Amino acid sequence: MTEYVLDPRITENKDWATLLFVLSFAIIAITKSAFESRFRDFVNLLFSDKYNKVYRDSSQIKSGFTISLFFVQIISLAFFIQLTLNLFGYASKTDWILYIQLSTFLIFFIFAKYLIEKIIATAFNIEEFMEQFNLRKVTYRTYIGLFILPINIILFYYDSIPKIIPISIVAIVLISNIITYVASIKNHQNLIFGKLFYFILYLCTLEIAPYFFMYYWFTKGSA
């Protein structure tokens, strides 16, 4: 008598990810159409500093251009985090509940950090530097979000992706942050050196400590 063993076929639901990818490109297309000249300068940010010079007013952080691409940034960065966790065996890339948790955490973290920075910058009387610094951070973070969006698609729909890819992207993000710091310090060196103690305290409190604790929490939680 022949004995048959039936193994359950597990199908992963990827429709939610496809919808988010389509939504992201739709937002990018609408933004490009509505802000054609600005979008062109933004895309060339890697090769030219024209965008930062033209759109340097702090009010630009609340513009329709920045807000629309902020949603793309969150979608892209949350995907990248989840896909990186998947590559290292800590999560499933098709877990939409985890994706919602990551997206919510990113939104909360960015806004909470921004509000705390506003309070501390006001207390230290370095509002001008903080506003310009935040604008540059938002600009480069959005640029990175758009840059890794197609990479996310490859990571999501293909298996056997080398781990060097997310590691390289993280390295690029770190380098871009360093460039942002250097550029902001150079543009406001008189203000910073006049309040050097407050600037160092600000840097350690809000630009180093949060990421250190996140790394500590992640490594300990995964152990």
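Bear in mind the structure is a predicted one, so any value in this text is a computation, not a measurement. (Residues numbered from 1 in each chain as written. Predicted model: local features only at pLDDT ≥ 70, side-chain atom pairs only at ≥ 80, totals over all residues. Heavy atoms only, no water.)

1. Brief notes about a nonpolar patch on the surface
So, step 1. Among the surface-exposed residues, Phe88, Tyr90, Ile164, Ile165 and Ile167 lie close enough to one another that they form a single nonpolar patch of about 460 Å² accessible area.
So, step 2. Tracing the chain through its elements places Phe88 in the loop between helix H4 (64–87) and helix H5 (96–124).
So, step 3. Judged by its relative accessible area of 34%, Phe88 is partly exposed. (Patch = residues over 30% accessible without salt bridge, like charges linked within 9 Å, V, L, I, M, F, W, Y side chains within 5 Å. Areas by Shrake-Rupley, 256 points an atom, 1.4 Å probe, with all protein chains shown as cover. Salt bridge = Lys/Arg side-chain N within 4 Å of Asp/Glu carboxyl O. Helix = DSSP H or I, 4+ residues; strand = E, 2+ residues; numbered from the N terminus. Buried < 20%, exposed > 50% of the residue type's maximum accessible area, 1.4 Å probe, protein only.)

2. Considerations on empty space enclosed by the protein
So, step 1. The full count for this structure, using the stated rule, is one cavity of 30 Å³ or more.
So, step 2. Estimated volume of the largest cavity: approximately 80 Å³.
So, step 3. Listed by contribution, the elements that provide at least two residues to the lining of the largest cavity are helix H2 (36–43), H4 and helix H6 (127–157).
So, step 4. It is H6 that contributes the most residues to the lining of the largest cavity, four residues altogether.
So, step 5. Residues of the lining of the largest cavity, tallied by class, amount to seven nonpolar, four polar and one charged. (1 Å grid on protein atoms, 1.4 Å probe; cavity = no way out; pocket = protein on both sides within 12 Å on 5 of 7 lines; lining within 4 Å. Points joined across faces, edges and corners; volume = space filled by probe spheres on them. Nonpolar A, V, L, I, M, F, W, Y, C, P; charged D, E, K, R; others polar.)

3. Considerations on the packing of aromatic side chains
So, step 1. A full pass over the atoms with the stated rule returns 18 aromatic pairs.
So, step 2. Consider the rings of Phe105 and Phe109, whose centres lie 5.9 Å apart with planes at 20 degrees: the pair is stacked. Residue Phe105 and its partner Phe109 are located together in helix H5, separated by four residues, close to a single helical turn.
So, step 3. Positioned over the ring face of Tyr55 is Arg38, at 4.4 Å from the centre of the ring.
So, step 4. Between the NZ or CZ atom of Lys93 and the centre of the ring of Phe156, over which it lies, the distance is 6.0 Å. (Phe/Tyr/Trp six-rings, centres within 6.5 Å; stacked < 30°, edge-to-face > 60°. Lys NZ or Arg CZ within 6 Å of the ring centre and 35° of its normal.)

4. Some points on H2
So, step 1. Where H2 is concerned, the buried positions are Arg38, Phe39, Asp41 and Phe42. For H2, the angular spread of buried residues about the axis comes to 160 degrees, placing them on one side.
So, step 2. On the buried face of H2, the contacting elements are helix H1 (15–34), helix H3 (50–54), H4 and H6. (Arc of directions from axis to C-beta. Contact = heavy atoms within 4.5 Å.)

5. What to know about the confidence of the model for the protein chain
So, step 1. Mean pLDDT for the protein chain: 80, with 76% of residues reaching 70 or above.
So, step 2. H1 holds the highest mean pLDDT among the elements of the protein chain, 94, whereas helix H8 (residues 189–194) holds the lowest, 64.
So, step 3. The low-confidence segment residues 4–11 (pLDDT under 50) makes zero contacts with residues lying over four places distant or belonging to another chain. (pLDDT = per-residue confidence, 0-100.)

6. A few points about the pattern of salt bridges
So, step 1. For the structure on display, the rule yields one salt bridge.
So, step 2. Taking the shortest distance from any N to any O, the salt bridge between Asp41 and Lys50 comes out at 3.8 Å.
So, step 3. Looking at Asp41, the relative accessible area reads 10%, which means it is buried.
So, step 4. With relative accessibility at 45%, the residue Lys50 sits in the partly exposed group.

7. Some remarks on the packing of H5 against H6
So, step 1. Between H5 and H6, the shortest axis-to-axis distance is 9 Å and the interhelical angle comes to 160 degrees. It follows from the interaxial angle that H5 and H6 lie roughly antiparallel. Handedness of the crossing formed by H5 with H6: right-handed. Where H5 approaches H6, its residues Ile110, Lys113, Tyr114, Glu117, Lys118, Ala121 and Thr122 are matched on the opposing element by Glu127, Met130, Glu131, Asn134, Lys137 and Arg141. (Axes fitted to C-alpha atoms, helices over the stretch in contact; angles between N-to-C directions. Parallel < 35°, antiparallel > 145°, perpendicular 65-115°, else oblique. Left-handed = near helix turned anticlockwise from the far one by under 90°.)

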